[in-house]
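Overview (structure and organization)
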Amino acid sequence: MSTPVDKILPADAAVDHGHAPQSFLTRYVWSQDHKVIAVQYSCIAIFTGLVGLVLSDLMRLQLGFPGRFAFIDAAHYYQFVTMHGMIMVIYLLTALFLGGFGNYLIPLMVGARDMAFPYLNMLSVWVFLVAVIVLMASFFAPGGPTGGGWTLYPPQVITSGTPGFEWGIILMLVSLLIFIVATTMGGLNYVTTVLQLRCEGMTLMRMPLSVWGIFVATILALLAFPALFVSGVMLLLDKTLGSSFFMPAMISMGQATNYKGGSPLLFQHLFWFFGHPEVYIIALPAFGVVSDLISVHARKSIFGYRMMVWAILAIGVLSVVVWAHHMFVSGMNLYFGFFFATTTLIIAVPTAIKVYNWLLTLWRGDIHLSVPMLFALAFICTFINGGLTGLFLGNVSVDVPLSGTYFVVAHFHMVMAVSPILVVFGGIYHWYPLVTGRLLDDRIGKLHFWITFIGTYAIYFPMHYLGILGMPRRYYAYEGYQFIPASAQSLNTFITIVALIVGVGQLLFIANLIWSYFHGERADSNPWRAASLEWQTGHTPPVHLNWGAKLPVVHRWAYAYSVPGAPQDFIAQNAPPQAGGDEPEQGALRKEHAR
Amino acid sequence: MAIAIALILIVAGSVLFHLVSPWWTTPLASDWGAMDDMLHLTLLITGGFFVVLNLFLVWTLLRFRHRPNHRAAYRPDNRRLERGLIVGTAVGIAALLAPGLVVYAKYVSPPAETIVMEVLGQQWKWSYRFAGADEKFGFVDPRFVTASNPFGLDPSDPKGADDVLVPGNEVHLPLGKAVKVLLRSNDVLHDFYVPPFRARMNIVPGTVTSFWFTPTQTGRFEVLCAQLCGVGHYNMRGFVVVEPPAAFHDWLAARQTFAVAMKAAESGGVNSSDPLVARGRALAQAKGCVACHSIDGNAGVGPSWKGLFGKTEHYADGSSAQIDDAGLRRDIKEPQARVVQGFAPVMPKSELSDAELDALVAYIHALGGTGAPQQVQR
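Note that the structure is predicted; figures quoted are calculated from it, not measured.

Right, let's talk about the overall build of chain A for a bit. If you tally the helices and strands in chain A, you get 17 helices and 2 strands. Here the C-alpha atoms of chain A give a radius of gyration of 24 Å, agreeing with the 25 Å that 2.2 N^0.38 yields for 595 residues. Each of the 595 residues in chain A was classed as buried or not, and the buried ones make up 63%. The long-range share in chain A, meaning contacts at least 24 apart out of those at least 6 apart in sequence, stands at 80%.

Right, here's the structure in full:
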């Protein structure tokens, strides 16, 4: 076991930390190498995500072909909806961005040998695995997994009348608590590593935006997950010991209960105090990663780097004061609506800046339409769409009729499901050569891209209109409702067919990951000719402890692309100072402005 | 340049979809036209942004795609442009927020003169209450809830005696009169949502929430639950009938008051004291049967249990038969074996012990065996 002191002291020597791999077991299983842990995190998250994907297609089968599949009864439908939501948000996207991308990229991008606390890092991934196992166990528990919706609103989530109220909800809450333990162990690591283990010359304002995004997201996670943790513990006590934190005096299925005096709204406040930052825990790493993808593949320095950093920080700060926009019609004090609508719409400004700056990065660039770039471009399109529909739901008086309808489903899928997952794909296509030493297959990649991009857009764009019509979400069936025309069912069938195609299309991605691992074209040490540090180790994949005898020394920002006069169209961050390509300084800018 | 073409198609397709979409807001039936106006304003502004930003992306891709021996420009910053974009965006956002908050200010301040209607959300049905002649609601508490007093009215509170109770799923409201809706639940969260009224609110047990609107169209409007409330959530239907005030007052006068209802309940009725029936009723709720099978004669996803026992049913295959004990048991165990005409074959098989089956059948028997079926209000 190593201590953090080990990591901070040996700036110039590749000392043995006591976790140098010695056997298969220490190299690939009980590994303390952040690169191996990142792959472990990613594999677990992607596997869990595939379960979530299957669940989404099962629920789409019921919506597209109501009653055709006898095994999907109402109880199963609600269980699929709930598990799909929780798996995708927490166990796929959060785990993949922080545990996967964060683990792999942070030490390499800031020029560290490993995370600050490698042993804790190893614990983090195995505790995460325990959380996933407990979650999956709920499928086999008596009564099945919880069907109370991923928001787990009490009272219904723990009372009869909701599927899985017996064991499913207990396992769900326990799994979440374990997950939060894992995330906290990882999160402390990421924050400490960014703050303490940057190599010489790597100032905060020289870090790639990927690191910035993951860094701020991790801080948010450390602040927001405790709210989920306490609400989870309280709900668990309400369920198992009969306490009444969230439970008012109530009747359940005609039977009086012993609960009294609790507040269901308190849970909603706690949940969304976690839940809204959670959106940005997923979105900020995606913002960061996509900035890097765009800059590298357009061969152009990111436009307005400082503004991009400030926008990430502003979004991070604002994200903790907007939570109750999920609760405009929850029955909370109505006057809160003024405050939360205002903060919510203010957050649109830094978010819009990011979109403009991505577009302005592309402008006058040298745009290579590689697969990572295609995913990044698709992200811009879906994120513009999903971001703009946020202005509907954030503006309280527009939200009132739309709340709880398919408009909400369409909005949040577009903005925090499709958009981040497109970045995940782009990021994996981009960094797969770094991880494995081989490129992913281009043709399969393009096919996968087109199916995913066009497919998901075709799924979610029309869904907004069902929401405007007033179709409520979380409905097992819509038959007999006269205000819903028969054509809405045809649209639902269409959406289901596309969802099935997109679902099956993801097998291409999995196949590509496996096939290319063995047969992919070999990548040299910097196949995309990127300037950031992770590509400058001289090895793909980087060796244990990342750098040779000496840690790199950084002389410029990560975006020195197409610098006039430079022999190549990029200058590595650790190239000698005389290579030029400094980040734009305040003074230089002022001069330019005066001209 | 497939991606540029795809983006153009997405923009054109999205705009076209919007123009030809048969799916749009339900016809407005309340005075919340301002919410629709806000929707249109937001759509206009955001739609403009959507088209402009995407087309800018397309143009960029066409102009600056990779060509051999071409290098990107080096332009890492442009303060003036960035500041301009920030100001422009902020103005656009303010233009959306300000009118939105003005509309919301109206939403949070109901007029002084309103009709007050209480809605009781229950897994999985709606009931309604009016204050009666004294214009004061009687005290309610979950501890008073019984099968014959679903509202949980305090029998000793004199203010409650004249409260008008509407136990069915359907309520009437007068045209053109502002209505303040008080929302209450004795079990879980619900949401009283009538799409054509636009205004709505969640229902939270342990507290009373409210919203207001003025019906501006006569008609019969569907009530939905829009907050997940368990396995029968999707089937928690109700109706609001908006009619001229005179018709409304006639309708209201014909409703039972709490005092009358309590008297009727005391004189017997369906509320059997048989423990087997009571167990069956609890089972029907616990297993979610009542989500599809009403006990008031209204057809749901499945046939109502009211008066079912002894009735002659017609089946989808053209046959017909009288419902008896054995048939009922078979229907519960093998729900797909014969399906009543007009209903979808969607009933799942349930894991029921013989004792549970006995209780359920006894309950259905009790619902069908006593008295004439209640008149269904249409």
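After that view of the structure, there is still more to cover.
Here the focus is the overall build of chain B. Secondary structure summary: chain B contains 8 helices and 12 strands in total. For chain B, the spread of C-alpha atoms along the principal axes amounts to about 90 × 55 × 35 Å. By residue count, 41% of the 378 residues in chain B fall in the buried class. If you take every contact in chain B between residues at least 6 apart in sequence, the share linking residues at least 24 apart comes to 69%.

This paragraph deals with the interface of chain B and chain A. The partner chain A presents 106 residues to the 92 residues of chain B that form the contact. Contributions of two or more residues to the side of chain B that touches chain A are made by α1 (2-20), α2 (33-64), α3 (79-107), β6 (190-193), β7 (200-203), β9 (219-225) and α6 (275-286) of chain B. Here the side of chain B that touches chain A takes 15 residues from α3(B), the largest share from any one element.

All names here are of chain B. The 5 strands lie next to each other as β4-β10-β9-β6-β7, forming an open sheet whose pairing is mixed. Strands at the two margins of the open sheet, each flanked by one partner only, are β4 (170-174) and β7. Along the sheet, successive strands turn relative to each other by an average axial angle of 25°, direction set aside. Pairing of β9 with strand β10 (residues 238-243), which is carried by 5 bridges, proceeds in the antiparallel orientation. Bridging across to β10, Glu222 finds its partner in Phe239.

Residue and element names in this part refer to chain B. The strand order across the open sheet built from 5 strands is β3-β2-β1-β5-β8, with neighbouring strands paired in mixed fashion. Taken across any chain shown, the strands that pair with only one partner, and hence form the sheet edges, are β3 (164-166) and β8 (209-213). For this sheet the average axis-to-axis angle between neighbouring strands, irrespective of direction, equals 25°.

Residue and element names in this part refer to chain B. Averaged over chain B, the pLDDT score is 88; the fraction of residues at 70 or greater is 91%. In the model, residues 370-378 has pLDDT below 50 throughout and makes 12 contacts with residues more than four positions away in sequence or in other chains. Two summary scores accompany this predicted model of the complex, namely pTM at 0.89 and ipTM at 0.92.

Residue and element names in this part refer to chain A. In this structure, Val110, Val211, Ala217, Phe375 and Ile380 are the most contacted members of the largest nonpolar core, which totals 307 residues. Counting residues per element, this core draws most heavily on helix α4 (residues 74-110), at 26 residues. Beyond its immediate sequence surroundings of up to four residues, Phe375 is in contact with Leu422, Val423, Phe425, Gly426, Tyr429 and Phe449.

Before going further, it helps to spend a moment on the packing of helix α11 (residues 348-362) of chain A against helix α12 (residues 371-394) of chain A. Residues and elements named next belong to chain A. Running from N to C, α11 and α12 point in directions that differ by 160°, and their axes come no closer than 11 Å. Classified by the interaxial angle, the pair formed by α11 and α12 is roughly antiparallel. Like other packed secondary-structure pairs, α11 and α12 cross with a definite hand, here left-handed. Counted together, Ala348, Thr351, Val355 and Trp358 of α11 and Ile380, Phe383, Ile384, Gly387 and Leu391 of α12 form the full contact between these two elements. In terms of residue class, the contact of α11 with α12 is made up of 7 nonpolar, 2 polar and no charged.

Each packed pair of helices is defined by two parameters, the angle between the axes and the distance between the axes. All names here are of chain A. Helix α14 (residues 406-436) packs onto α12 with a crossing angle of 160° between their chain directions and a minimal axis gap of 8 Å. In terms of orientation, α12 and α14 fall into the roughly antiparallel class. Considering the relative orientation of α12 and α14, their crossing is left-handed. Among the residues forming the contact of α12 with α14, the class breakdown is 16 nonpolar, 10 polar and no charged.

Thresholds, definitions, all that
- Residues numbered from 1 in each chain as written.
- Chains lettered and ligands numbered in written order.
- Predicted model: local features only at pLDDT ≥ 70, side-chain atom pairs only at ≥ 80, totals over all residues.
- Helix = DSSP H or I, 4+ residues; strand = E, 2+ residues; numbered from the N terminus.
- Rg over C-alpha atoms; globule rule 2.2 N^0.38 Å.
- Buried ≥ 20, exposed ≤ 12 C-beta atoms within 10 Å, placed from the backbone.
- Contact = placed C-beta atoms within 7 Å.
- Pairing = 2+ DSSP bridges.
- Axes fitted to C-alpha atoms, helices over the stretch in contact; angles between N-to-C directions.
- pLDDT = per-residue confidence, 0-100.
- Core = buried A, V, L, I, M, F, W, Y, C linked by C-beta atoms within 7 Å.
- Parallel < 35°, antiparallel > 145°, perpendicular 65-115°, else oblique.
- Left-handed = near helix turned anticlockwise from the far one by under 90°.
- Nonpolar A, V, L, I, M, F, W, Y, C, P; charged D, E, K, R; others polar.

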